[in-house]
Every structure is written in structure tokens, then in C-alpha cells.
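Listed below, chain by chain, are the residues.
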Amino acid sequence: MKRRIKAFLLFVLILSAFALTGYLTLAFYYRESFVLNTWINGVYCTGKSVEEVNSELLSLTEAPIIAVIDKDGKTYFLDLGKAGFSMDYRESLEECLEDQNPYLWVDNIAADASHRLTPAVAFDEGKLRKLWQETDLVKQAENREETLELCLTEKGYALYDGLSDRLDIQKAYDMLLLAIRNGENQVVLTQEECYYDSSPTDEQKQLLELWKKIEAFQNSGIVYDMGDERVPVDAADAAGFLKTQEGLPMLDPSGELIVEKEKVEAFIKRLAEEYDTYGKERSFLSARGEWLTIEGGTYGTEIDQKAEVAYLMEGMLSGKKELHVPEYKRQGMHRGKDDIGDTYIEIDMTGQKMYYFEAGELLLETEVVTGNMSRGWGTPGGTYYVYNKQKNRILRGEGYASPVKYWMPVNGGIGIHDADWRKEFGGEIYKKSGSHGCINTPPEKMAELYDMVETGTPVVMYY
């Protein structure tokens, strides 16, 4: 029994000696290499020397391209390879190796030892500065004139400001150097660190004050509501209103901008020429499916130009910001270039038919009798409107007095009314036995029409 115990103890002793020898052998081995489960920058380094790890890390690394971002967010790229850029991890690897305890390598069996190291960098500063000076960022900063200029463009007055936000090229370069040495891949040129404002001269201060007035004037908030369209008074329009001298807007004795009435009148005149419909010909899609040109008539919109000139001159100088419906001398039921809209009466004198559309839907269709052509009483074509409605009216003229139940005048003494004395309507009756110019309508249809139509409804009449 004792012999067995002695043999077992001897075995344990010999085994422990082998284990200790192995442990110490590895500990001695790890004095010159990285211990078990060591990872550096994603590279497995166990058993590798500083030189081996350095070579492997460098093989995975290319000369970086560094991004320089200006205050407006624009990015400029520099290829550091063109500046003789190189990297070396040996110094940081040596420090990492010194920090490890080779006798405690067993601690890494259950957990990785991961490290993130920054290399030492080297580059040719002369080449780097040349590379920096060739960037558009630096070229633009060097070529930027330190002046103020006010000029008129297609979009109104604009200020060239060469005093504000000037790039301090040396400070920006110093930030670039710091970023490269810290291993960063971008430089953000913050305004506080790399930009400055030059002090204006007294003359430039006056120009800046003038620009503030012009800028406020040009940023007009007046927008014309023309019905289906909006017409803003933009910066170019506003700039065109100002009285100038030697290319610059003038100020009155109180220091305010001078608006020239003639220029505002020209703007309003152009607006009226584009949007006034009164007295103008119109393209009209008839119920018979043809596009017709309708000339003349009393229906339409006409801007009160005098009133609008006064409004605009006052509004621009006082800085109004509003959606503005112009004053009108005449105004149709609808506003805009197509002011007939989709609710109207249509009278086809050639076809002797009358239609009433409401919101685009045909609600009434009837035959009628219009003015007697043979006696020169033909009903005039054009675009008119229902300007009144009356019941039980006696229509009087030379040699006649006709009582009617429903009367809707559209053009002076010419109107739409019932005609119970007629038994037939439509066809060619109007050519020889037509009315004195009015639109004779079957009584039952006239009663329907009268109840549906509002005063102001457009009436399109054509042959």
C-alpha cells in the first residue's frame, strides 16, 4: 500500500514538474512575443513579434485620403500618399508588449486581450503644404477679393461680400496637420476656429446699410391672388421699382428708398394685360364640340390700375406680407384667365339652342328664337352676363309692349325671357320671324332657368 502511495506521489511530482516546465517555457517565449489570444486592430498576434505584427498591420493599411469640410459642408479630398505619407506601429506595439505579463498568459485562455493602437505617422511636410495649396478651398480663399460690391442681376440686387467668413488658411492648415498626426480621416473647419470677418471701411459700412434696406424691400411678401394663379412680386420686380443713380438705388432725405411710380405703373399694366378679360376675345369649347373664338361683350374682369399702383407703392415701402386680391373696375363671377368657369349660359344662335351648365353639368337644354336677321335685329354675339332678374315685366319698344313672366337682361335691352305667344321654337324661325334681339324661350323652360340662374352668371352667345 505504501509503495503505491509513493508511486502515485512520484507520478504527481513528475507531472507537476513537466507542467511547470511547460508553463515557464511559454512564459519565457512570450517575453519576446504577444501572449495567448492577443488581438491588435483586428489582427491575431499570439506568438508574433513586434516586427511581424507591424508588417502585418501595415500590409492591411493604405495611405489615407483625408476629407476637409468647410463651413458650408462642402468637402475637399487630399490624397496623403502624394505627400510621402507613411505609418509605423512599432513604438505602440513595443509599449503594448511591455505592458503584458508573460507569466500571466494563462489569464487569456478564457478571454481575449484586444487592443486598438494608433501608428506613428510620417510625411513630407513640403509636399503636404503644396498639396494643400492646390486645393480649390485654398485657391478660392486666396482669390477672394476683400471688397463689398452691390450689383443688379436678373434676380434683383445682390451683394458680393468679400469681408465676411474669410478662411484663415494657416489655421485651417494647422487643423489638418493635427488631424493627420492623430490618425483622423476628416477635418471640419468650424467657423469659430478657421473663419473671420474683416472690418469694413466707413464707405463699406454705408453700402452695407443700403443693402439692408434693399434686401428688406426685395423680400416682399406681397403675392397677387389672380383667381386660379398666384403672382408674387419677386426680387427682380421690386428692384425694378427703385430709382437709381450710377447703378445704385437712391435714398430720399429721410434715408428711405425711392420708388418710381412710373415703374410700378408699368408692372401693374403688364399684370392687367395678362389677366384682364373684359373686352378681349376668348377661346370657348361649345356644346356642339367646337372650339370657337368669342369676341366682344360686357362680361369680364378689369383691374383698377390706379388703385393697384397706390396699393403697391405703399405696400412695398411698408413691408407688407400678404396674399392680395386686386381692386377691380369690373369683376366676373370667377377670376382668372378663364373667368367663364364651369357655370354659364350658352346660346348657339346658328343652332337656335340654349344650354345651362352648372359646375360643369348640363342642367337645361332648350330650343329658342333669337333676333330677326332679315330686319337687322340679329342678336349680337359676345360674352355677357345676367345683370338683373325680374318677374312679371312688360317689355316695351318701338311699336310693341310684351308682358313676360321672367326677365333676365344680359346686354342692355337684350335679355332672356319667356315667350308664350310663340308655339314653335328653334329651326330657322329667327331668320325672318325672330325677335327684336332678345332670346325668346319656351315658358316652361324659362321658369326652370330663372330659378337656377344667379345674377352675374356668364352668358356666351355666338353664331
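Summary of the structure given here. (Residues numbered from 1 in each chain as written. Predicted model: local features only at pLDDT ≥ 70, side-chain atom pairs only at ≥ 80, totals over all residues. Heavy atoms only, no water.)

## Quick word on the sheet that holds strand E28 (residues 414-418)
Step number 1: Taking strand neighbours across the sheet as the criterion, the four strands line up as E26-E27-E28-E29 in an open arrangement whose pairing is mixed. Only two strands of the sheet have a single partner each, and these edge strands are strand E26 (390-397) and strand E29 (439-441). Here the strands of the sheet are splayed against their neighbours by 45° on average, with no regard to which way each runs.
Step number 2: In this structure, strand E27 (residues 400-411) lies alongside E28, joined through four bridges in antiparallel fashion. Its bridge partner being in E28, methionine 408 is matched across the sheet by isoleucine 416. (Pairing = 2+ DSSP bridges. Helix = DSSP H or I, 4+ residues; strand = E, 2+ residues; numbered from the N terminus. Axes fitted to C-alpha atoms, helices over the stretch in contact; angles between N-to-C directions.)

## A closer look at the packing of aromatic side chains
Step number 1: Applying the stated criterion across every chain, the model contains ten aromatic pairs.
Step number 2: With a centroid separation of 5.5 Å and an interplanar angle of 80°, the aromatic rings of phenylalanine 284 and tyrosine 344 are classed as edge-to-face. Taken as a pair, phenylalanine 284 in strand E17 (residues 282-285) and tyrosine 344 in strand E22 (residues 344-348) lie far apart in primary sequence, 60 residues in all.
Step number 3: Between the aromatic rings of tyrosine 406 and tyrosine 450, the centroid separation amounts to 5.1 Å while the plane-to-plane angle is 45°, which identifies the pairing as tilted. (Phe/Tyr/Trp six-rings, centres within 6.5 Å; stacked < 30°, edge-to-face > 60°.)

## Focus on the side chain of glutamate 346
Step number 1: Tracing the backbone through its elements, the reader meets glutamate 346 in strand E22.
Step number 2: For the buried residue glutamate 346, which engages in no salt bridge, the nearest side chain bearing the opposite charge is arginine 288, 6.8 Å off.
Step number 3: A polar contact is formed between the side chain of glutamate 346 and the side chain of tyrosine 462, at a distance of 2.5 Å.
Step number 4: Ignoring anything within four residues of it in the chain, the contact list for glutamate 346 reads Phe284, Ser286, Ala287, Lys353, Met354, Tyr355, Phe357, Val460 and Tyr462. (Buried < 20%, exposed > 50% of the residue type's maximum accessible area, 1.4 Å probe, protein only. Lys, Arg positive; Asp, Glu negative; His and termini not counted. Salt bridge = Lys/Arg side-chain N within 4 Å of Asp/Glu carboxyl O. Polar contact = N/O pair within 3.5 Å; in protein donor to acceptor, adjacent residues only side chain to side chain. Contact = heavy atoms within 4.5 Å.)

## As for the environment of isoleucine 439
Step number 1: You can see isoleucine 439 is positioned in strand E29.
Step number 2: For isoleucine 439, a relative accessible area of 0% translates into the label buried.
Step number 3: Linking isoleucine 439 and methionine 354, residues 85 residues apart in sequence, is a C-alpha distance of 9.0 Å.
Step number 4: Setting aside its immediate chain neighbours within four residues, isoleucine 439 contacts Ile347, Met354, Val368, Val369, Thr370, Thr379, Ile414, Gly415, Ile416, His417 and Met461.

## Here we look at the pairing of strand E4 (residues 75-79)
Step number 1: Side chains Tyr76 and Leu78 project from E4 onto a buried face, and the interleaved Thr75, Phe77 and Asp79 project onto a face without burial.
Step number 2: Examined bridge by bridge, strand E3 (residues 65-69) and E4 share five bridges and lie antiparallel to one another. Across the sheet, isoleucine 69 pairs through a bridge with threonine 75, a residue of E4.
Step number 3: Between E3 and E4, which pair antiparallel in sequence order, lie five residues; one of them, glycine 73, sits at a positive phi of approximately 90°.

## Observations concerning the sheet that holds strand E14 (residues 230-232)
Step number 1: The three strands are arranged E14-E13-E20 in an open sheet whose pairing can be described as mixed. Sheet topology places E14 and strand E20 (321-324) at the edges, where each strand pairs with a single neighbour. Taken pair by pair, the neighbouring strands of this sheet meet at an average axis angle of 20°, ignoring direction.
Step number 2: Two elements, strand E13 (residues 221-225) and E14, share three bridges in a ladder whose sense is antiparallel. Among the inter-strand pairings, tyrosine 224 is bridged to a residue of E14, identified as valine 231.
Step number 3: Contacting E13 and E20, helix H11 (residues 305-318) runs over the sheet at an angle of about 155° to E13.

## Focus on the state of the cysteines
Step number 1: Considering all chains together, one arrives at zero disulfides under this definition.
Step number 2: Here cysteine 45 stays unpaired: no disulfide links it, and the sulfur of cysteine 96, its closest cysteine neighbor, is 8.0 Å away. (Disulfide = S-S within 2.5 Å.)

## Here we look at helix H8 (residues 202-218)
Step number 1: Between its terminal C-alpha atoms H8 stretches 24 Å, which fits the 24 Å expected from 17 residues at 1.5 Å a residue.
Step number 2: Among the residues of H8, Gln204, Leu207, Leu210, Trp211, Ile214, Phe217 and Gln218 are the ones counted as buried. The arc that holds the buried residues of H8, viewed along the axis, is 130°, so those residues lie on one side. Exposed residues lying more than 90 degrees from the buried face of H8 are Asp202, Gln206, Lys212 and Ala216.
Step number 3: Of the surrounding elements, those touching the buried residues of H8 are strand E8 (148-153), strand E9 (156-161), helix H9 (235-241), strand E16 (248-249) and H11. (Expected span 1.5 Å × (residues − 1). Arc of directions from axis to C-beta.)

## Quick look at the packing of helix H2 (residues 50-59) against helix H3 (residues 90-99)
Describing two packed helices takes the angle between their axes plus the distance from one axis to the other.
Step number 1: The contact between H2 and H3 brings their axes to 10 Å, and the two run at 135°. Of the possible angle classes, the one that applies to H2 and H3 is oblique. Crossing handedness for the pair H2 and H3: right-handed. Packed against H2, whose contacting residues are Val50, Glu51, Val53, Asn54 and Leu57, the element H3 presents Arg90, Leu93, Glu94 and Leu97 at the interface. (Parallel < 35°, antiparallel > 145°, perpendicular 65-115°, else oblique. Left-handed = near helix turned anticlockwise from the far one by under 90°.)

## Overview of the nonpolar core
Step number 1: Within the largest apolar cluster, 32 residues are counted, with the highest numbers of intra-cluster contacts made by Phe217, Tyr224, Met226, Val233, Phe241, Leu312 and Met316.
Step number 2: Every element with two or more residues in this core is listed here: E8, H8, E13, H9, helix H10 (261-275) and H11.
Step number 3: Broken down by element, this core gets its largest block of residues, six residues, from H10.
Step number 4: Beyond its immediate sequence surroundings of up to four residues, valine 233 is in contact with Ser220, Ile222, Tyr224, Phe241, Phe267, Leu312 and Met316.
Step number 5: Membership of the second largest hydrophobic core comes to 26 residues, among which are Ala83, Trp132, Tyr173 and Ala179. (Core = buried A, V, L, I, M, F, W, Y, C linked by side-chain atoms within 4.5 Å.)

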